[in-house]
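# Understanding the architecture of this molecule
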Amino acid sequence: GADVVANLAAALGPDELRGAFAEGIAGAGIGLPDRVRVPLHAIFGRVDDFGSAPPGTLRWMRRVPCAFNTPGFDGPPGNAAGCNAQTGRGGQTEAPIDWIGRQRAMGAPVHVHFHEEAAHGIFGPPLRIGTARWGNGVVASASVGATPAARARVLEDVLAIVLAP
């Protein structure tokens, strides 16, 4: 989802893509690109802790073992190259907010939007704060959704950006 969008914002140029919206960047799996080329709007629900084990870490602050990343992704170069299941196994992924800060320091057009009364999957179910037990017994955060008012605010914000001259 969101990490794919971030990689598209690096793979495509301004002649091909005006901008991109990524809700709930994880920074794990395919990893995040080295340099974003088009405006990327990173959207997070203020209570998005989805997938954090143990529970409690907000998604934009979350770091996971490098082993969660896949090497050899056929896309733009990124942070999974040195932090994946084959290299950097003992390390941790870059937290999405740290990646965003690094992008901004290089002058990349990355913008962060936090939304109150929202978790992961803002346009999904009604807001539910909770946890889930994985098959291996690990308990992880599983907060999802948003209130109707939060959804309306996110849609308003996105449309303002899309419809801007």
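In what follows, the structure referred to is the one given above.
Here the structure is a predicted model, which means the values were calculated and not measured.

About the criteria used
- Residues numbered from 1 in each chain as written.
- Predicted model: local features only at pLDDT ≥ 70, side-chain atom pairs only at ≥ 80, totals over all residues.
- Heavy atoms only, no water.
- Buried < 20%, exposed > 50% of the residue type's maximum accessible area, 1.4 Å probe, protein only.
- Helix = DSSP H or I, 4+ residues; strand = E, 2+ residues; numbered from the N terminus.
- Arc of directions from axis to C-beta.
- Contact = heavy atoms within 4.5 Å.
- Expected span 1.5 Å × (residues − 1).

### A few points about helix α2 (residues 96-105)
Residues of α2 that are buried include every one of Pro-96, Trp-99, Ile-100 and Gln-103, and no others. Across the axial projection of α2, the buried residues extend over an arc of 100 degrees, all falling on one side. The inward-facing, buried residues of α2 contact α1 (2-11), β2 (40-45) and β3 (110-115). Once α2 ends, the next one or two residues include Gly-107, with phi positive near 90 degrees.

### Thoughts on helix α3 (residues 148-163)
An α-helix turns once per 3.6 residues; consequently, residues spaced three or four apart project the same way. Between its first and last C-alpha atoms α3 spans 22 Å; for 16 residues at 1.5 Å apiece the expected length is 22 Å, and the two agree. Within α3, the full set of buried residues consists of Ala-150, Arg-151, Val-154 and Val-158. For α3, the angular spread of the buried residues around the axis is 100 degrees, confining them to a single face. The exposed residues of α3 that point more than 90 degrees off its buried face are Pro-148, Glu-156, Ala-160 and Leu-163. In this fold, the buried residues of α3 make contact with β1 (20-23), β2 and β3.

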